Amino acid sequence: NSPGRTITGNDNSPAAMATELGKYKQKVYRAVGSNWYPKVNNSFQVLGVGIVHVQFTIHSDGTVETKVLDAGNSSMQMLLSISINSIREAAPYDTFPPGMVKELINQGGDGSSYTDDFTFSIY
């Protein structure tokens, strides 16, 4: 069993991916991953094994805010820092397409932002 590194998000089902919001989430996932994976690979020898969980809110103008949901134990501080920075450094994200704004409103929001989360794992 070789060591691994993963990012997981919510609802990656084919039906979800066919929506404007689903397509946007995939772009966010790729943008964060393109920052996160190289940073983790460069620091892999000093990273502890574990999980951190970070919530983020992207606003319609592409700005982002992050909130730590689970910081893991004290050995996870470097992973947490890499993970938060990977989300922030990918900003600004694309502005929301009109279809996505409608989806967010249909889900009970006002269309000005959406909140999601990623779990970042080293195992």
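Structural notes, computed from the coordinates.

This part is about helix α3 (residues 77-89). For α3, built from 13 residues, the straight-helix expectation of 18 Å at 1.5 Å per residue is met to within 8% by its first-to-last C-alpha distance of 18 Å. Among all positions of α3, only L79, L80, I82, S83, I84, S86 and I87 are buried. Buried residues along α3 sit against α2 (20-43), β2 (50-59), β3 (64-70) and β4 (113-122).

Let us now look at the environment of T115. Position of T115 among the secondary structure elements: in strand β4. Along the backbone, T115 and T57 are 58 residues apart, and their C-alpha atoms lie at a distance of 4.2 Å. With residues up to four places along the chain from it excluded, the contact list for T115 reads Q55, F56 and T57.

Take the packing of aromatic side chains next. Applying the stated criterion across every chain yields a total of nine aromatic pairs. Ring centres 6.0 Å apart and planes at 85° place the aromatic pair Y24 and Y114 in the edge-to-face group. A residue pair is termed long-range when its members are at least 10 positions apart, and Y24 in helix α2 and Y114 in strand β4 qualify at 90 residues. Considered together, Y24 and Y114 belong to a single accessibility category, that of buried residues. Their ring planes at 70° and their centres at 5.9 Å tell us that Y29 and F118 sit as a pair that is edge-to-face. With Y29 in helix α2 and F118 in strand β4, this residue pair connects regions lying 89 residues apart in the sequence. On the basis of relative accessible area, Y29 is assigned to the partly exposed category, the value being 25%. Pairwise contacts between aromatic rings join Y24, Y29, W36, Y37, F56, F96, Y114, F118 and F120 into one cluster. A cation over an aromatic ring shows up here: R5 above the ring of F44, its NZ or CZ 3.7 Å from the ring centre.

Parameters at a glance
- Residues numbered from 1 in each chain as written.
- Predicted model: local features only at pLDDT ≥ 70, side-chain atom pairs only at ≥ 80, totals over all residues.
- Heavy atoms only, no water.
- Helix = DSSP H or I, 4+ residues; strand = E, 2+ residues; numbered from the N terminus.
- Expected span 1.5 Å × (residues − 1).
- Buried < 20%, exposed > 50% of the residue type's maximum accessible area, 1.4 Å probe, protein only.
- Contact = heavy atoms within 4.5 Å.
- Phe/Tyr/Trp six-rings, centres within 6.5 Å; stacked < 30°, edge-to-face > 60°.
- Lys NZ or Arg CZ within 6 Å of the ring centre and 35° of its normal.

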